[in-house]
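The residues making up each chain are set out below.
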Amino acid sequence: MNLDSVSTQDWVTLAVGIIGFLTACVSRTDRLPVWARKWLKRIGVSRITDAIERAAAIMELTPDQRRKQAVIYLQKLCIKELGFPIPASIANLLVEHVYQQWKRNRR
């Protein structure tokens, strides 16, 4: 088989397929798993953003310490306002996800 014998229509179909695949991959990079989206819906983006902004206000902390502090704030907030605890791993994932959006919006 020679590449010269492949029709233009086949090349266009292949290119459209590759572009569609890449578009699907790029669009999924910002999505959370289903179980994490359920937590996000229960807690709310505004509460997570509030925890991030509270931690960002502490200037003497490093970025890593601010992230950890935002997770602590979020855990305390969930117990106090919503009445249920949130595991640190899930809180960390949600803080990271919302932080990326928050950082983009601040620019």
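A short tour of the structure in this document, coming up. The shown structure was predicted, so the numbers you read here are calculated from the model rather than taken from an experiment. (Residues numbered from 1 in each chain as written. Predicted model: local features only at pLDDT ≥ 70, side-chain atom pairs only at ≥ 80, totals over all residues. Heavy atoms only, no water.)

1. Some details on the nonpolar core
The cut-off we apply is this: Side-chain atoms within 4.5 Å are what join buried Ala, Val, Leu, Ile, Met, Phe, Trp, Tyr and Cys residues into a set we call a nonpolar core. A 1.4 Å probe rolled over the protein chains alone gives each residue an accessible area, and that area as a share of the maximum for its type sets the label: buried under 20%, exposed over 50%, partly exposed in between. Secondary structure follows DSSP: runs of H or I at least 4 residues long count as helices, runs of E at least 2 residues long count as strands, and numbering of each begins at the N terminus. Residue contacts are defined here by distance: any two heavy atoms, one from each residue, within 4.5 Å place the two residues in contact.
Counting 21 residues, the largest nonpolar core has I43, I48, L74, I86 and L94 as the members making the most contacts within it. Secondary structure elements with two or more residues in this core: α2 (34–43), α3 (45–56), α4 (63–82) and α5 (88–106). In this structure, I86 is in contact with W39, I43, L74, Q75, C78, A91 and L94, ignoring residues within four places of it in sequence.

2. Some points on the packing of aromatic side chains
Basically, it comes down to this: A pair of Phe, Tyr and Trp rings is counted when the ring centres sit within 6.5 Å of each other, with Trp represented by its six-membered ring. The angle between the planes then sorts it: under 30 degrees is stacked, over 60 is edge-to-face, the rest tilted. Criterion for a charge above a ring: Lys NZ or Arg CZ within 6 Å of the ring centre, and within 35 degrees of the ring normal.
Tallying each qualifying case throughout the model produces two aromatic pairs. The interplanar angle of 55° and the centroid separation of 5.9 Å between the aromatic rings of W39 and F84 together place this pair among those described as tilted. One end of the pair, W39, is in helix α2; the other, F84, is in the loop between α4 and α5, and 45 residues separate them in sequence. For the pair W39 and F84, one class covers both residues: buried. One residue, R42, lies across the ring of W39, its end atom 5.6 Å from the ring centre. Between the NZ or CZ atom of R42 and the centre of the ring of F84, over which it lies, the distance is 4.1 Å.

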